[in-house]
Amino acid sequence: MRKYGVQTTKQTLRNTVSVVLLSLFLSLAGMQAAMATSAVWSVPGSILAQSTQIADSPVVAFDGYGNATAAWIQSDGSTNLVMTSTRPPGGSWSAPDTLSNAGVYADQPSISVNSTGDTLVMWRSANTLGGASSVVTASKTAGSTWTSPVSLTTSAPGTSYIQGALDTNGNAVAIWARWNGSNNIVQTANKPAGGSWTTPTNLSTLGQESGSPRIVTDATGNTTAIWITYGTFGGGSVMASSTTLNGNWATPTVLASSPQGVEQPGLGVDASGNVTAIWLWSNPSYQAALQSSVSTTFGSWSSTVTVTTDPVAELQLYIDANGNASIIWTSWSGGSIIKSSYRPFAGSWETPVNVSTLNSVGLSTPQIVMDSFGNRTAVWIAYDVNYKSTAKVASMPAGGSWQSEITLNSNTQDYAFNPELAVDNSGNVIAMYHGNFTGGINAFVAFSDAIMPTPTPTPTPSQTPNGSGSTPSVTPTSDPLVSAAASSSSLANTGAKINVTLIIFAFVFFILGSGLFAFRLLQNRR
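All of these numbers come straight from a predicted model, not from anything done at the bench.

(A) Layout of the overall build of the protein. Helix and strand counts for the protein come out as two helices and 33 strands. With 526 residues in all, the protein has 53% of them scored as buried. A sequence separation of at least 24 residues applies to 50% of the contacts in the protein between residues at least 6 apart.

Here you go:
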């Protein structure tokens with residue numbers, strides 16, 4: 001029987017158990033909320049290299065074990081050289097190696113690293129500054145030393161858009177655009193693992209102006225390329241072609257055309273070989289639309305979809321191993337703003353969201369990466385009213401929203417340019433940029449590290465963003481905790497403090513709930 005205002009023991013127990021369960025739920029919710037915070041960054045950025053003349057154009061990538069490799073351009077006082085350095089998980093950057101030959105000018109480096117640590121660096125080389133140039137590359141297998149530079153082409157004007165890709169077994173492919181004496185053409189070459197580079201092949205049609213190529217390779221060596229062909233009197237088309245490992249390139253396919261023009265193609269591939277392409281398409285009013293197409297069957301493409309018709313420039317696409325995609329770009333409406341759109345695998349592009357705050361002067365060169373948890377990180381350059389440039393970074397925890405932006409360069413690093421990002425299998429991020437010190441001509445390449453406060457996942461295929469896509473690979477069997485140590489000890493300590501805070505947070509909620517439980521029992525006994 002139940003009297004008015006008095007509970008039976010069963011009812012009291014039932015209610016108090018509900019209180020305890022509620023307190024546990026609140027503690028877990030609090031833990032989840034605390035976890036959904038922005039990444040912890042080492043700021044200001046640390047100097048990797050500096051020169052009294054030139055140190056710029058950094059690129060960086062991880063292998064499947066969390067080893068990082070960076071390449072950049074640095075002056076030796078007479079010419080510009082390609083330099084590289086590596087860093088093991090939890091370690092320091094090695095003394096730089098020089099990849100290019102002395103006495104020639106190098107620029108436009110690109111990098112590709114597969115899961116096992118095979119690395120390919122490519123660049124443009126010229127005997128005189130601004131003169132005719134050739135495509136040059138150096139590579140190494142995991143644990144070995146760098147090869148001597150290899151020229152893939154003879155010197156010609158207009159060599160540009162140099163990019164390489166590696167499959168899991170170390171088979172390499174490269175693409176570029178160059179002048180052939182009549183017009184710009186797109187060419188490619190490949191190198192079997194342990195072999196030599198093939199003679200370049202023309203991808204674009206001779207006599208037709210072409211450029212802006214992009215290339216990706218899946219884990220088994222299936223390769224896809226896209227590029228732009230330009231009409232004689234304006235306009236253009238996005239072209240695509242594919243090849244299997246050591247096979248022949250298929251007849252090019254037209255993905256999109258416009259009499260007003262197409263531009264800024266991007267390309268990415270996931271671990272299963274699904275390819276995503278993006279580009280800007282102009283309508284008869286010369287209003288641009290960001291468009292996309294997907295190839296889930298090798299060599300076949302889906303119908304074009306429009307991601308946004310907002311003002312768009314400086315596109316960059318990132319595809320993770322599971323096929324989730326993010327695009328980032330610069331937009332403007334009363335000022336510059338960085339925006340992004342996300343597409344889950346086999347899903348649709350979501351409504352674009354703001355990544356940065358509005359800047360009345362200007363924003364540029366955004367980059368984005370995603371880890372295996374779905375956490376996203378973006379970096380870009382912001383200008384103030386004095387046109388000083390700073391490197392900005394922001395993070396978006398999985399299931400959350402974009403956090404407040406952080407400035408990476410210090411007050412003495414007067415200018416920052418050309419930011420780059422890389423993420424390892426455990427979510428640790430490296431941001432790189434170059435610039436100049438205050439009041440002098442001293443140039444530098446700097447880096448900042450970040451870790452997302454999330455648990456260590458089972459390793460997934462590593463990705464190598466380079467502004468146009470990513471290079472997929474199969475992660476080697478290794479301890480998943482190895483790459484989690486890639487950040488500095490100070491960052492690790494910060495992450496440990498976050499974990500301790502979460503434990504205390506949950507413990508306090510549990511004690512409060514347990515105390516209320518005991519209080520209820522005591523009342524019932526009275």
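(B) The arrangement of the sheet that holds strand β18 (residues 253–258) in detail. With antiparallel pairing, four strands are arranged side by side in an open sheet as β15-β16-β17-β18. Two strands in the sheet have a free side with no partner beyond their single neighbour: β15 (210–217) and β18. For this sheet the average axis-to-axis angle between neighbouring strands, irrespective of direction, equals 15 degrees. Summarising the sheet, strand β16 (residues 223–230) and strand β17 (residues 236–243) pair through eight bridges and their orientation is antiparallel.

(C) Quick look at the nonpolar core. Within the largest apolar cluster, 32 residues are counted, with the highest numbers of intra-cluster contacts made by Trp 41, Val 355, Trp 380, Trp 402, Leu 408, Val 429 and Tyr 433. At the level of elements, β25 (336–343), β27 (362–370), β28 (376–383), β29 (389–396), β31 (413–423), β32 (429–437) and β33 (443–451) are the ones that each hand at least two residues to this core. The leading source of residues in this core is β28, at five residues. What Val 429 contacts, discounting residues up to four positions off in sequence, is Trp 41, Val 369, Thr 377, Leu 421, Ala 422, Val 423, Ser 448, Asp 449 and Ala 450.

(D) Seen up close, the packing of aromatic side chains. The final tally for this structure, using the stated rule, is four aromatic pairs. Note on Tyr 415 and Phe 417: the rings are 6.3 Å apart at their centroids and 10 degrees apart in plane angle, and the pair reads as stacked. Judged by its relative accessible area of 29%, Tyr 415 falls in the partly exposed class. For the ring pair Phe 437 and Phe 444, a centre distance of 4.9 Å and an interplane angle of 35 degrees mean the geometry is tilted.

(E) A look at the side chain of Asn 171. Looking at the secondary structure, you find Asn 171 in the loop between β11 (160–166) and β12 (172–179). Looking at Asn 171, the relative accessible area reads 11%, which means it is buried. In terms of polar contacts, Asn 171 uses its side chain to reach the side chain of Asp 167, at 2.9 Å. Here the side chain of Asn 171 touches Ala 193 through a polar contact of 2.9 Å, landing on its backbone nitrogen.

(F) Quick look at the sheet that holds strand β7 (residues 105–113). Read across the sheet, four strands follow the order β7-β8-β9-β10 without closing on themselves; strand pairing throughout is antiparallel. Because the sheet does not close on itself, it has two edges, and the strands there are β7 and β10 (150–151). When strand β9 (residues 133–140) meets β10, the two strands line up antiparallel, connected through two bridges. Note on β10: the bridge partner recorded for Val 136 is Ser 151.

(G) Molecular detail of the pairing of β25. The buried fraction of β25 is high, at eight of eight residues. Of the two faces of β25, both are covered, the one formed by Ser 336, Ile 338, Ser 340 and Tyr 342 as well as the one formed by Ile 337, Lys 339, Ser 341 and Arg 343. In this sheet, β25 lies alongside strand β24 (residues 325–332) in antiparallel orientation, the contact comprising eight bridges. Bridging across to β25, Trp 329 finds its partner in Lys 339. A loop of three residues connects β24 with β25, the two strands running antiparallel in sequence, and Gly 334 in this loop sits at a positive phi of about 75 degrees.

(H) The confidence of the model for the protein, seen in detail. Residue-level pLDDT values for the protein average 83, and 78% of them are 70 or greater. Model confidence for the protein, summarised as mean pLDDT per element, is weakest for helix α2 (residues 489–525) at 45 and strongest for β25 at 98. This model gives residues 1–10 a pLDDT under 50, and the stretch forms eight contacts once residues within four places in sequence are excluded.

(I) Structural detail: the pattern of salt bridges. Counted according to the given criterion, the structure contains three salt bridges. Note that Asp 449 is salt-bridged to Arg 87, the shortest N-O span being 2.8 Å. You can see Asp 449 sitting in strand β33 and its partner Arg 87 sitting in strand β5 (residues 80–87), a full 362 residues away along the chain. Residue classification places Arg 87 among the buried residues on the basis of a relative accessible area of 6%. Note that Asp 310 and Lys 339 form a salt bridge whose closest N and O atoms lie 3.4 Å from each other. Of this pair, Asp 310 sits in the loop between β22 (305–308) and β23 (313–319) while Lys 339 sits in strand β25, placing them 29 residues apart in sequence. Assessed through its relative accessible area of 27%, Asp 310 is described here as partly exposed.

(J) Spotlight on unusual backbone geometry. Between Val 43 and Pro 44 the backbone carries a cis peptide bond, its omega angle lying at 0 degrees. Mapping Pro 44 onto the fold places it in the loop between β1 (40–41) and β2 (46–51). Within the chain, Asn 246 stands out as a residue other than glycine whose phi angle is a positive 60 degrees. Mapping Asn 246 onto the fold places it in the loop between β17 and β18. Residues other than glycine seldom take positive phi values, yet Ala 346 does so here, at roughly 65 degrees. Within the secondary structure, Ala 346 sits in the loop between β25 and β26 (353–354). With a relative accessible area of 73%, Ala 346 lands in the exposed category.

(K) Molecular detail of the environment of Ser 182. You can see Ser 182 is positioned in the loop between β12 and β13 (184–191). Among the residues examined, Ser 182 registers a relative accessible area of 57% and is labelled exposed. The spatial distance from the C-alpha of Ser 182 to the C-alpha of Gln 208 is 9.2 Å, given a sequence separation of 26 residues.

(L) Local environment of the pairing of β29. Within β29, eight of the eight residues are buried, which leaves the element mostly enclosed by the surrounding structure. What you see with β29 is no split at all: Ser 389, Ala 391, Val 393 and Ser 395 on one side and Thr 390, Lys 392, Ala 394 and Met 396 on the other are buried throughout. In this sheet, β29 lies alongside β28 in antiparallel orientation, the contact comprising eight bridges. For Ala 382, the partnering residue across the bridge sits in β29 and is Thr 390. Between the antiparallel neighbours β28 and β29 lie five residues, among them Tyr 387 with a positive phi of about 65 degrees. Relative to strand β30 (residues 406–407), β29 is paired through two bridges, and the arrangement is antiparallel. Each bridged residue has a counterpart across the sheet, and for Lys 392 the counterpart in β30 is Thr 407.

Cut-offs used in this document
- Residues numbered from 1 in each chain as written.
- Predicted model: local features only at pLDDT ≥ 70, side-chain atom pairs only at ≥ 80, totals over all residues.
- Heavy atoms only, no water.
- Helix = DSSP H or I, 4+ residues; strand = E, 2+ residues; numbered from the N terminus.
- Buried < 20%, exposed > 50% of the residue type's maximum accessible area, 1.4 Å probe, protein only.
- Contact = heavy atoms within 4.5 Å.
- Pairing = 2+ DSSP bridges.
- Axes fitted to C-alpha atoms, helices over the stretch in contact; angles between N-to-C directions.
- Core = buried A, V, L, I, M, F, W, Y, C linked by side-chain atoms within 4.5 Å.
- Phe/Tyr/Trp six-rings, centres within 6.5 Å; stacked < 30°, edge-to-face > 60°.
- Polar contact = N/O pair within 3.5 Å; in protein donor to acceptor, adjacent residues only side chain to side chain.
- pLDDT = per-residue confidence, 0-100.
- Salt bridge = Lys/Arg side-chain N within 4 Å of Asp/Glu carboxyl O.

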